[in-house]
Amino acid sequence: EAAVTQSPRSKVAVTGGKVTLSCHQTNNHDYMYWYRQDTGHGLRLIHYSYVADSTEKGDIPDGYKASRPSQENFSLILELASLSQTAVYFCASSDISGNTLYFGEGSRLIVV
Amino acid sequence: AQSVDQPDAHVTLSEGASLELRCSYSYSAAPYLFWYVQYPGQSLQFLLKYITGDTVVKGTKGFEAEFRKSNSSFNLKKSPAHWSDSAKYFCALSTGFASALTFGSGTKVIPCLP
């Protein structure tokens, strides 16, 4: 069974609306990450977290917030969704070495 | 800042042929290097990593990669490769222990059907 699960798997949101993407991991990992993948491109790091109740900004944090209420859960929040945030979002977890990431199945977000 | 370059957006694959995917990086210190694979409609899966030691590392699914400090490369290889290896492959770099990964843009391997 999948150790990193994301919800929703797919969502259509309206411009200016609020979107919350959730991630749950059962790997007992301390580190969790949110990446976005745009068509034809690689993954870019949005936010990450080393421990519950603490988050860090990645390479492209503007327009996104993150929340890590527990070791198992990590959410990505778009307070005011914009067209440019249409993408596939991947959550991942890793142990404290950060060397090997375990990815969720991805959440496809379309902002209209 | 570090970066990863995968110069080939697409590579065609003939059944039974050798496959080599190029990856170069820019980082002033010793990098940690990774390869991940993404099959159509699926998430990313870990293939292999280089941290230190032997410059040729073997991973899952019959893949291996060679770290070459002289030209800052970490190319992925498989021989023979199969049509089932058709996927998108991502090279990634970490600046060290507990550092987040920086990904390249990926190389899509497309089957070349006879």
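Residues numbered from 1 in each chain as written. Chains lettered and ligands numbered in written order. Predicted model: local features only at pLDDT ≥ 70, side-chain atom pairs only at ≥ 80, totals over all residues. Heavy atoms only, no water.

### Regarding the overall build of chain A
Heads up, the rule is: A run of H or I in DSSP counts as a helix once it spans at least four residues, and a run of E counts as a strand once it spans at least two, with each numbered from the N terminus. Here the radius of gyration uses the C-alpha set of atoms, whereas the globule reference equals 2.2 Å times the residue count to the power 0.38.
Helix and strand counts for chain A stand at 0 helices and 11 strands. Secondary structure elements in chain A, listed N-terminal to C-terminal, are β-β-β-β-β-β-β-β-β-β-β. Relative to its length of 112 residues, chain A is compact, with a C-alpha radius of gyration of 13 Å against a globular reference of 13 Å. By its C-alpha atoms, chain A is 35 × 25 × 25 Å across when sized along the principal axes.

### Focus on the state of the cysteines
This is how the line gets drawn: Here, the term disulfide refers to a pair of cysteine sulfur atoms separated by no more than 2.5 Å. Working definition: with a 1.4 Å probe on protein chains only, accessible area under 20% of the residue-type maximum means buried, over 50% means exposed, and in between means partly exposed.
Here the structure, examined in full by the defined rule, presents 2 disulfides over all chains. Shown here is the disulfide that connects Cys 23 of chain A with Cys 91 of chain A, its sulfur atoms set 1.9 Å apart. Taking the sign of the S-S torsion, -80° for the link of Cys 23 of chain A and Cys 91 of chain A, the bridge is left-handed. Separated by 68 residues along the polypeptide, Cys 23 of chain A in strand E3 (residues 19–25) and Cys 91 of chain A in strand E9 (residues 87–94) bring together distant segments of the chain. Taking relative accessible area as the criterion, Cys 23 of chain A reaches 2% and is therefore assigned buried. Residue Cys 91 of chain A is classed as buried on the basis of its relative accessible area of 0%. Between Cys 23 of chain B and Cys 91 of chain B runs a disulfide, and the two sulfur atoms are separated by 2.0 Å.

### Thoughts on the environment of Phe 46 of chain B
Selection rule: Here a residue-residue contact requires only that any non-hydrogen atoms of the pair lie within 4.5 Å.
Tracing the backbone shows Phe 46 of chain B in strand E6 (residues 44–50). Sequence separation of Phe 46 of chain B and Trp 35 of chain B is 11 residues, and the distance between their C-alpha atoms is 6.5 Å. Phe 46 of chain B has contacts with Thr 100 of chain A together with Phe 34, Trp 35, Tyr 36 and Thr 60 of chain B, leaving out every residue within four places of it along the chain.

### Here we look at the packing of aromatic side chains
Defined as follows: Only Phe, Tyr and Trp rings are paired, with Trp represented by its six-membered ring, and only when their centres lie within 6.5 Å; those with planes under 30 degrees apart are stacked, over 60 edge-to-face, the remainder tilted.
One pass over the structure, following the stated rule, counts 18 aromatic pairs over all chains. Their ring planes at 55° and their centres at 5.9 Å tell us that Tyr 36 of chain B and Phe 103 of chain B sit as a pair that is tilted. With Tyr 36 of chain B in strand E5 (residues 32–38) and Phe 103 of chain B in strand E11 (residues 102–103), this pair connects stretches of sequence that are 67 residues apart. Using a relative accessible area of 8% as the deciding quantity, one classes Phe 103 of chain B as buried. When the ring of Phe 63 of chain B is compared with that of Tyr 89 of chain B, the centres are 5.5 Å apart and the planes differ by 50°; the resulting orientation is tilted. Of this pair, Phe 63 of chain B sits in the loop between strand E7 (56–58) and strand E8 (64–68) while Tyr 89 of chain B is found in strand E10 (residues 88–94), placing the two residues 26 residues apart along the sequence. In terms of burial, Phe 63 of chain B and Tyr 89 of chain B fall into one category: buried. Taken together, the aromatic side chains of Tyr 31, Tyr 33, Tyr 35, Tyr 48, Tyr 50, Phe 90 and Phe 103 of chain A together with Tyr 36, Phe 46, Phe 90 and Phe 103 of chain B make up a single cluster linked through ring pairs.

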